[in-house]
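Working through the structure, step by step
Each chain is listed here by its residues.
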Amino acid sequence: MLIVAVDLDGTLVHTREANLAAYRFIGVRPPHDFHTRPWREWCLAEHHDQKSQLLPSYLRRYASPTPLMRLFRGMGGDIITNASSPAIATLREIFPELRTARIHGGLSPEEKVDWLNRAALPGLYIDDSIRTVEMVRRRTRWQAQLVTF
């Protein structure tokens, strides 16, 4: 049996436009690669908090499943993500396949690596961030696959 763990934003669900719209609404112009970088690298905490409060309404408008969602629906697995609890709750409302999924939220790339290293057995990790994929490859026994949609 293959053990699978996946990222959420940009990997299972297209959320880039929702995040971008929320940031723009509060006057923040994210860098072009904002969606695959930790927000702490380029954004003030107060701006991130403001964006997070607005994000659920933008997710309802813009979020859509990636092609990987159909595969995840059939195979299951854990979701390890940087997404906040309100964002996860909203995505569970929108996508029925996420309602019963094991989602571990609020994890930085380093915390994702720690989570994977604590797993009983290694498996396959899938993410849209090359930085996180490379970190997983270097620092865990997991296979890591980059996806871009």
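Scroll up to find the structure this text is about.
Definitions and cut-offs
- Residues numbered from 1 in each chain as written.
- Predicted model: local features only at pLDDT ≥ 70, side-chain atom pairs only at ≥ 80, totals over all residues.
- Heavy atoms only, no water.
- Axes fitted to C-alpha atoms, helices over the stretch in contact; angles between N-to-C directions.
- Helix = DSSP H or I, 4+ residues; strand = E, 2+ residues; numbered from the N terminus.
- Left-handed = near helix turned anticlockwise from the far one by under 90°.
- Contact = heavy atoms within 4.5 Å.
- Nonpolar A, V, L, I, M, F, W, Y, C, P; charged D, E, K, R; others polar.
- Buried < 20%, exposed > 50% of the residue type's maximum accessible area, 1.4 Å probe, protein only.
- Lys, Arg positive; Asp, Glu negative; His and termini not counted.
- Salt bridge = Lys/Arg side-chain N within 4 Å of Asp/Glu carboxyl O.
- Polar contact = N/O pair within 3.5 Å; in protein donor to acceptor, adjacent residues only side chain to side chain.
- Core = buried A, V, L, I, M, F, W, Y, C linked by side-chain atoms within 4.5 Å.

1. Structural notes on the packing of helix H5 (residues 109-118) against helix H6 (residues 130-139)
- Interhelical geometry of H5 versus H6 gives an angle of 35° and a closest axis separation of 10 Å. Regarding H5 and H6, the two cross each other, and that crossing is right-handed. Contacts between H5 and H6 involve Pro-109, Glu-110, Lys-112, Val-113, Asp-114, Leu-116 and Asn-117 on the former and, on the latter, Arg-131, Thr-132, Met-135, Val-136 and Arg-139.
- Looking at the contact of H5 with H6, its residues break down into five nonpolar, two polar and five charged.

2. A short note on the side chain of Asp-9
- By secondary structure assignment, the location of Asp-9 is in the loop between strand E1 (4-6) and strand E2 (13-14).
- Notably, Asp-9 is buried but unbridged: the nearest opposite-charge side chain belongs to Lys-51, and the N-O separation is 6.8 Å.
- Among the polar contacts listed, one links the side chain of Asp-9 to the side chain of Thr-15, at a separation of 3.0 Å.
- Each residue touching Asp-9, except ones within four places of it in the same chain, is listed here: Thr-15, His-35, Thr-81, Ala-83, Leu-91 and Asp-128.

3. Observations concerning the nonpolar core
- With 26 residues, the main nonpolar core has Leu-8, Leu-12, Val-13, Ile-79, Leu-91 and Leu-98 as its most contacted residues.
- Residue assignment for this core shows that the elements contributing at least two residues are E1, helix H1 (16-25), helix H2 (45-62), helix H3 (68-75) and helix H4 (85-94).
- Those residues within four positions of Leu-91 in sequence are excluded, and the remaining contacts are Leu-8, Asp-9, Val-13, Thr-15, Leu-59, Ala-63 and Leu-98.

4. Some thoughts on the pattern of salt bridges
- Enumeration over the complete set of coordinates arrives at nine salt bridges.
- Lys-112 is paired through a salt bridge with Asp-7; the nearest N and O atoms lie 2.9 Å apart. In this pair, Lys-112 is assigned in helix H5 and Asp-7 in the loop between E1 and E2, connecting sequence segments 105 residues apart. Just as Lys-112 is buried, Asp-7 falls in that class too.
- Among the salt bridges present, the one from Asp-33 reaches Arg-37, with a minimum N-O distance of 3.1 Å.
- Judged by relative accessible area, Asp-33 falls into the partly exposed class, the value being 25%.
- Overlapping salt bridges bring together Asp-33, Arg-37, Glu-41 and Arg-131 as one network.

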